[in-house]
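Fold and geometry: a report
Residue-level listing of the chains:
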Amino acid sequence: MKKILFGVAAIVALVLAVLGSRSSPAQDKQDKYTLQVPGGLAFSEIKGYEQWHVVAPASPKPPT
């Protein structure tokens, strides 16, 4: 009986930990744009960066 009770308690604790660590998308979006470097750039100043094209440096010419 104690093993079953311990197993149920472990499952409940695991479920609560998983559900407690999840955050809603609305909270993430609000926090992302309120972020600011102390005395510097605010994240809200570069809104829309998610749509920027990816740019990478050219790779060196492969050996022949």
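**Regarding the overall build of the protein**
When helices and strands are tallied, the protein shows 2 helices and 0 strands. For the protein, the proportion of its 64 residues judged to be buried stands at 3%. By element, 68% of the accessible surface of the protein is carried by carbon and sulfur atoms, the whole surface being about 6,300 Å².

**What about the packing of aromatic side chains?**
Under the definition given, this model contains 1 aromatic pair. Judged by centre distance (6.5 Å) and plane angle (80 degrees), the ring pair of Tyr49 and Trp52 falls under edge-to-face.

Cut-off values and rules
Within each chain, residue numbers correspond to sequence positions counted from 1 in written order. Two thresholds apply to this predicted model, a pLDDT of at least 70 for residue-level local features and 80 or more for giving and counting side-chain atom pairs, whereas whole-chain, interface and lining totals are computed over all residues. The basis for every side-chain value is the complete set of non-hydrogen atoms in the structure, without hydrogens or water. The secondary structure listing takes helices from DSSP runs of H or I that are at least 4 residues long and strands from runs of E that are at least 2 residues long, numbered from the N terminus. Relative accessible area decides the class of each residue, using a 1.4 Å probe on protein chains only: under 20% of the type maximum gives buried, over 50% gives exposed, and in between gives partly exposed. Methods summary: accessible areas were calculated by the Shrake-Rupley approach with a probe of 1.4 Å, and residue burial reflects only the protein chains presented. Two aromatic rings, drawn from Phe, Tyr or Trp (for Trp, its six-membered ring), form a pair once their centres lie within 6.5 Å of each other, and the interplanar angle then sorts them: stacked below 30 degrees, edge-to-face above 60, tilted otherwise.

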